[in-house]
Amino acid sequence: MSQSLEFPFDLPPQLGEPQCVAEGVYWLRMPLPFALDHINLWLLDDGDGWTVVDTGVATDEVIDHWLALFDRWMVDKPVKRVIVTHLHPDHVGLAGWITAHWQVALWMSRTDYLLCRNLLADSHREAPEEALRFYRAAGFDEAGLNAYRAHFGAFGRLVRALPNAYRRLVDNETLLIGGHEWHVLMGQGHAPEHACLYCPDKNVFIAGDQLLPGISSNVSVWPYEPHADPLAEWIASCERLRARLPSDVLVLPAHERPFIGARERCTGLIESHEKSLVDLYDFCATPRRVVDVFPALFRRPINKGNLLLATGESQAHLNCLLVRGLLRVETDASGVNYYQQASE
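This report concerns the structure included in the present document. Owing to the predicted nature of the structure, the values given are computational and were not obtained by experimental measurement.

Scoring rules and cut-offs
- Residues numbered from 1 in each chain as written.
- Predicted model: local features only at pLDDT ≥ 70, side-chain atom pairs only at ≥ 80, totals over all residues.
- Heavy atoms only, no water.
- Helix = DSSP H or I, 4+ residues; strand = E, 2+ residues; numbered from the N terminus.
- Rg over C-alpha atoms; globule rule 2.2 N^0.38 Å.
- Buried < 20%, exposed > 50% of the residue type's maximum accessible area, 1.4 Å probe, protein only.
- Areas by Shrake-Rupley, 256 points an atom, 1.4 Å probe, with all protein chains shown as cover.
- Expected span 1.5 Å × (residues − 1).
- Arc of directions from axis to C-beta.
- Contact = heavy atoms within 4.5 Å.
- Core = buried A, V, L, I, M, F, W, Y, C linked by side-chain atoms within 4.5 Å.
- Pairing = 2+ DSSP bridges.
- Axes fitted to C-alpha atoms, helices over the stretch in contact; angles between N-to-C directions.
- Salt bridge = Lys/Arg side-chain N within 4 Å of Asp/Glu carboxyl O.
- Phe/Tyr/Trp six-rings, centres within 6.5 Å; stacked < 30°, edge-to-face > 60°.
- Lys NZ or Arg CZ within 6 Å of the ring centre and 35° of its normal.

**Some remarks on the overall build of the chain**
- Across its full length, the chain carries ten helices and 15 strands.
- Since a compact globule built from 344 residues should have a radius of gyration of about 20 Å, the 21 Å found for the chain is in line with a globular shape.
- In terms of principal-axis extent, the alpha carbons of the chain reach across some 65 × 45 × 35 Å.
- Within the chain, buried positions represent 55% of all 344 residues.
- For the chain, the exposed area adds up to about 15300 Å²; of that, 50% sits on carbon and sulfur atoms.

In structure tokens, the structure reads:
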């Protein structure tokens, strides 16, 4: 982690046990069944009830933690609404279950709500040809394509059905929570329309995955939008946050520990991706497939478990260089794309 960041809390709370981090703001940690084994959720005191920000994945273990919390914390102060920062399963997984339990509204950005509904609809379908074509173009062999076929629809395994109606979150709108104004700041790149919450009164910023202290959130291109440029959106989001947030704001991230140093972290993320783009450009002095460029972007080995994320992030960097006019792409007779430095 960057030495320029400050970490006010030495230890995280026990799983399922809220810890106060600012007046009326509670840190709730839930388990994840991944290598990244936790997610930070947030409970906001909303006067006669609670606003929940993010929900964890839909597993029996997380549900048990929530039920215990309902019994201990929410008998006289019920959940009033659920805010979801973005569509990824660790954030939205139990949103439908909690909103149904308390008969309250889900608050979410429009793009992420609708895309989440689309992804849930894929849970009982076979992998579409458009997606297989995308990964063939990236250089997947038949074993890789079979692994993708087996993975397709996995989104729904950790996400309960969403409600059929929701309350849309809009960039720069203001929510009144517990008598305090919270401003919605939208980010892009990691998710299409990632909602963060900033409270000037408390000097607190709920960042979701938009600003993590020690790791960079995955920024990927996916088969449903193969020509997207999410990395440019991510960099622009970091620039907007750097300009908007105070230097001493307490950042509440979805993973790892709360920290102070938002501007420094935004700068670090921007610089890291710009360096990766330079390294990738140099690596493409000769033609490369997407699967060939992993060594230029990742220090860790790429295996079956992280192949799709690595492919998506590599494609994002390649697309960014294409948009900047620094690379060109040629497709061979079998549909595989090769990327190379653009001729001057």
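From this point on, the discussion continues.
**Focus: helix α7 (residues 230-244)**
- Look at α7: 21 Å from first C-alpha to last across 15 residues, which is about the 21 Å you get at 1.5 Å a residue.
- What α7 keeps buried is the set Pro-230, Leu-231, Trp-234, Ile-235, Ser-237, Cys-238 and Leu-241. Buried residues in α7, looked at end-on, bunch into an arc of 155°, giving them a common side.
- Tucked into the core, α7 has its buried residues touching β9 (180-187), β11 (204-208), α8 (262-283) and α10 (307-323).

**Here's the deal with the nonpolar core**
- Residues Phe-205 and Leu-211 are the most contacted members of the largest nonpolar core, which totals 52 residues.
- Among the secondary structure elements, those contributing two or more residues to this core are α5 (129-138), α6 (142-151), β10 (194-199), β11, α7, α8, α9 (294-297) and α10.
- When residues in this core are grouped by element, the largest group, seven residues, is from α10.
- Setting aside residues no more than four positions away along its own chain, Phe-205 makes contact with Leu-185, Cys-196, Leu-197, Tyr-198, Leu-211, Leu-241, Leu-245, Val-249, Leu-250, Val-251 and Leu-252.
- Residues Leu-28, Leu-94, Leu-106 and Cys-116 belong to the second largest nonpolar core, which totals 39 residues.

**Notes on the sheet that holds strand β1 (residues 19-22)**
- One open sheet holds the seven strands; their spatial order is β1-β2-β3-β4-β5-β6-β7, and the pairing between them is mixed. At either end of the open sheet lies a strand with only one pairing partner, and these are β1 and β7 (167-169). In this sheet, neighbouring strand axes are inclined to one another by 30° on average, regardless of whether the strands run parallel or antiparallel.
- As judged from the three bridges shared by β1 and strand β2 (residues 25-31), these two strands associate in the antiparallel manner. Within β2, the residue paired with Cys-20 across the bridge is Tyr-26.

**Focus on the pattern of salt bridges**
- Taken as a whole, this structure holds 13 salt bridges when the rule is applied.
- Among the ionic pairs, Lys-80 bridges to Asp-46, the shortest N-O distance being 3.9 Å. Of this pair, Lys-80 sits in strand β5 (residues 79-83) while Asp-46 sits in the loop between β3 (38-45) and β4 (50-53), and the two are 34 residues apart along the sequence.
- Its relative accessible area of 7% is what places Asp-46 among the buried residues.
- Between Glu-330 and Arg-328 there is a salt bridge; the shortest N-O distance is 2.8 Å.
- Salt bridges here are not isolated pairs; linked through shared partners, they connect Asp-46, Asp-48, Lys-80 and Arg-81.

**Some words on the packing of aromatic side chains**
- Counted under the stated rule, the structure contains 15 aromatic pairs.
- Arranged with centres 5.5 Å apart and planes meeting at 50°, the rings of Trp-50 and Trp-73 form a pair that is tilted. One end of the pair, Trp-50, is in strand β4; the other, Trp-73, is in helix α1 (residues 60-73), and 23 residues separate them in sequence.
- Take Trp-73: its relative accessible area is 26%, and that puts it in the partly exposed class.
- Chaining the aromatic ring pairs together yields one cluster made of Phe-134, Tyr-135, Phe-140, Tyr-148 and Phe-152.
- Looking at Lys-77, its charged tip hangs above the ring of Trp-50, at a distance of 5.2 Å from the centre.
- Stacked on the ring of Trp-107, the Lys or Arg Arg-81 has its end atom at 4.8 Å from the ring centre.

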